[in-house]
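So you can see what is in the structure, the chains are spelled out below.
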Amino acid sequence: MRKRHNVKIDLTLVLSSLVVSKYLIAAPVSRNSEPQFNEFPAQTTKITTPKKPILSSNLARRYKTIISNSMADEPNFAGHYRVVVWGCGTDCRGFAIVDLLSGKTYTLPNLESVVGVMGNDEDRLSYRADSNLFVINGLKNEVDEGKFFYSWKNRRLNFLIKLPIKKEGFSN
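## Considerations on the environment of Ser151
- Tracing the sequence through the fold places Ser151 in strand S7 (residues 144–153).
- As for Ser151 and Pro35, which are separated by 116 residues in sequence, their C-alpha atoms are 9.7 Å apart.
- Setting aside chain neighbours within four positions, we find Ser151 in contact with Phe40, Asn132, Arg156, Leu157, Asn158 and Leu160.

Below, the structure written as structure tokens:
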């Protein structure tokens, strides 16, 4: 004869644990070191037929020509995407991310430009074809200074961490 065990589950405890774990999983990476490109691998794809760009934001529409001209170029970010970069003044960059398979363009909401910081000569934007990591280094919209790390997932840049910018010291 089989013995039955009565197990009483506190549903409130189970639900609250699920909610807490959801936020722990979705929270930005907690670390003080810079994320590395090899920590965010992407499979590269060969694009055979260029698509027409689908300009999905005012910023992308403003830079329609440079985006359209880049559609035949090889992917340079996250497997089958192309980061299209334009200058907006001395040491200033703007960008859009284009899906070379579909033509859809993506821009970072509320970001017009990235400007350099005195004493820092790192690239304003860093990315690789074989990685989902995207790095912004400088002043976002000439206001927010830092080195910002994002991962490309679900067709968007997801913020990971902001670290201080490394600057060379100047002597008088």
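## Here's the deal with the state of the cysteines
- Inspection of the entire model under this criterion finds one disulfide.
- The partner cysteine of Cys88 in its disulfide is Cys92, sulfur to sulfur 1.9 Å. Disulfide Cys88-Cys92: the torsion about the S-S bond is -80°, which places it as left-handed.
- By relative accessible area, which is 6% here, Cys92 ends up buried.

## Notes on the pairing of S7
- By the criterion of burial, S7 is predominantly enclosed, with seven of the ten residues buried.
- Here strand S6 (residues 133–140) runs beside S7; their pairing, made up of eight bridges, is antiparallel. What sits directly across from Gly138, in S7, is Gly146.
- Turn length for the S6-S7 hairpin, with the two strands adjacent in sequence and antiparallel, is three residues, and the turn residue Asn141 shows positive phi of about 55°.
- Here seven bridges tie S7 to strand S8 (residues 156–163), and the two strands are oriented antiparallel to one another. When the sheet's bridge partners are listed, Phe148 is paired in S8 with Lys162.
- Taking the residues between adjacent antiparallel strands as the criterion, S7 and S8 are bridged by two residues, where Asn154 takes a positive phi near 55°.

About the criteria used
- Residues numbered from 1 in each chain as written.
- Predicted model: local features only at pLDDT ≥ 70, side-chain atom pairs only at ≥ 80, totals over all residues.
- Heavy atoms only, no water.
- Helix = DSSP H or I, 4+ residues; strand = E, 2+ residues; numbered from the N terminus.
- Contact = heavy atoms within 4.5 Å.
- Disulfide = S-S within 2.5 Å.
- Buried < 20%, exposed > 50% of the residue type's maximum accessible area, 1.4 Å probe, protein only.
- Pairing = 2+ DSSP bridges.

So far we have only geometry, and geometry alone does not tell us how the molecule works.
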